Amino acid sequence: RAAEMGKQVAVLVEIQARFDEQRNVELAQKLEKAGVHVVYGIMGLKTHTKLAMVVRQEPHGLKTYCHIGTGNYNSKTAQLYTDLGLFTCNSAITNDVIDLFHYLTGRSLKRDYRKLLVAPVNMRERFLTKIRREIEHAKAGRTAWIIGKMNALQDPKIISALYEASNAGVKIDLIIRGFCCLRPKVPGLSENIRVYSILGRFLEHSRIFYFANGDNEEYYIGSADWMYRNLDHRVEAVAPVEDPAVRARLKEILDIMLNDRGHAWELESDGTWNQRSHPDNRPASDTQDLLMARFLRAEKKTRQGR
């Protein structure tokens, strides 16, 4: 509808979408007929990032709004998956998104970004730098803690860096829904690493990354897992979350997950999973139930205030 109303619209359609190839081809054809400029990404790379951008003419000039998400723009999976999205007009982030769209549409070969972590450009190295920084904080006696929530963990370089961080005294909590190639709790290797998996009514799909950074905390969300394919063979974007109120919500989500004693399982050093429970037989807590109740209360409070 936007294109038919004379707006300039560009859409990247990923043809190599699992189970959706034919549907995406048909969608691309419909978009082109409506006047949308359709592109298909970069040769040799699957586009997995979830980005949307709107540029508006406002009284004081052009303004850019961006959404950076962890989930697909898909109405069906939106009802089945847990995902997060950052909606922002922070120019430091939106300028990066503009550059990334130029990269995706072939108008730029830019390889440096101010705020975004972009794969396969700079994401792995930026994550490795942050892990090494936690190691330095631990050695200096400062707060050093890493929390990573993702679908899977497989990248050898990231895993080696996490082992090194564990041996340096960095506390590491990983919330991994699917497979994990890291072995936690191994003496002399990963004693400070704990791995959990949350299984509930909905499919856990969001990616959240936290670095204590010596009490100068950093939070990130985005589309990438710590996997070789995500970091080297896909276009991905992970964005910093800097607004204090939004960071507090991410902290609440992570705290609830790390304290889950209802639908959480913990990975042992021998590869077995054990369901977590309260040691004193208190009622089980459930991440998804708690978060749904929390956001329903917030929505009700918002409506009552209107």
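Residues numbered from 1 in each chain as written. Predicted model: local features only at pLDDT ≥ 70, side-chain atom pairs only at ≥ 80, totals over all residues. Heavy atoms only, no water.

> An account of the packing of aromatic side chains is requested, with residue identities and associated values reported.
For the structure shown, the criterion picks out seven aromatic pairs. Ring centres of Phe127 and Trp226 lie 5.3 Å apart, and the angle between their planes is 75°; this geometry places the pair in the edge-to-face category. Taken together, the positions of Phe127 in helix α3 (residues 123-139) and Trp226 in the loop between β14 (218-222) and α5 (228-232) put the pair 99 residues apart, joining distant regions of the chain. When the centroid spacing of 5.7 Å and the interplanar angle of 80° are considered together, the rings of Trp145 and Tyr210 count as edge-to-face. Taken together, the positions of Trp145 in strand β9 (residues 145-150) and Tyr210 in strand β13 (residues 208-211) put the pair 65 residues apart, joining distant regions of the chain. On the basis of relative accessible area, Trp145 is assigned to the partly exposed category, the value being 22%. (Phe/Tyr/Trp six-rings, centres within 6.5 Å; stacked < 30°, edge-to-face > 60°. Helix = DSSP H or I, 4+ residues; strand = E, 2+ residues; numbered from the N terminus. Buried < 20%, exposed > 50% of the residue type's maximum accessible area, 1.4 Å probe, protein only.)

> Please give an account of the pattern of salt bridges that cites residues and values.
The tally for this structure, following the rule as stated, stands at 17 salt bridges. With a shortest N-O distance of 3.1 Å, Asp96 and Arg114 are connected by a salt bridge. Of this pair, Asp96 sits in helix α2 (residues 91-104) while Arg114 is found in the loop between α2 and β8 (117-119), placing the two residues 18 residues apart along the sequence. For Asp96, a relative accessible area of 0% gives the class buried. The residue Lys251 makes a salt bridge to Asp255 at a minimum N-O spacing of 2.8 Å. With Lys251 and Asp255 both in helix α6 (residues 244-258) and four residues apart, the pair spans about one turn of that helix. The exposure class of Lys251 is partly exposed, given its relative accessible area of 40%. A cluster of three or more residues bridged by salt bridges with shared partners is formed by Lys185, Glu266, Glu268 and Arg276. (Salt bridge = Lys/Arg side-chain N within 4 Å of Asp/Glu carboxyl O.)

> If you had to explain the packing of α3 against helix α4 (residues 156-167) to someone new, which residues and values would you point to?
Packing of α3 against α4 leaves a shortest axis separation of 9 Å and a crossing angle of 5°. As far as their axial angle goes, α4 and α3 are roughly parallel. Contacts between α3 and α4 involve Arg124, Phe127, Leu128, Ile131 and Ile135 on the former and, on the latter, Lys157, Ile158, Ala161, Leu162, Glu164 and Ala165. Counted by class, the contact of α3 with α4 contains eight nonpolar, no polar and three charged residues. (Axes fitted to C-alpha atoms, helices over the stretch in contact; angles between N-to-C directions. Parallel < 35°, antiparallel > 145°, perpendicular 65-115°, else oblique. Contact = heavy atoms within 4.5 Å. Nonpolar A, V, L, I, M, F, W, Y, C, P; charged D, E, K, R; others polar.)

> Before we move on, can you summarise the environment of Thr105 with the specific residues and values?
Along the polypeptide, Thr105 turns up in the loop between α2 and β8. Distance in space between the C-alpha atoms of Thr105 and Leu12 is 7.9 Å, their sequence separation being 93 residues. At a separation of 2.8 Å, a polar atom in the side chain of Thr105 contacts the main-chain carbonyl oxygen of Phe101. (Polar contact = N/O pair within 3.5 Å; in protein donor to acceptor, adjacent residues only side chain to side chain.)

> So, the side chain of His205: which residues are in play, and what are the values?
Take His205: it is sitting in the loop between β12 (203-204) and β13. Not counting residues up to four positions away in its chain, the partners in contact with His205 are Thr70, Gly71, Tyr81, Thr82, Asp83, Lys149, Asn151 and Arg177.

> Go over the side chain of Glu204, please, and point to the residues and values.
Mapped onto the elements of the fold, Glu204 is located in strand β12. You can call Glu204 buried: its relative accessible area is 5%. Of the polar contacts made by the side chain of Glu204, one reaches the side chain of Thr82; its length is 2.9 Å. Of the polar contacts made by the side chain of Glu204, one reaches the side chain of Lys149; its length is 3.1 Å. Setting aside chain neighbours within four positions, we find Glu204 in contact with Thr82, Lys149, Asn151, Arg177, Ile198, Met257 and Gln288.

Function cannot be read off these values alone, since they describe shape.
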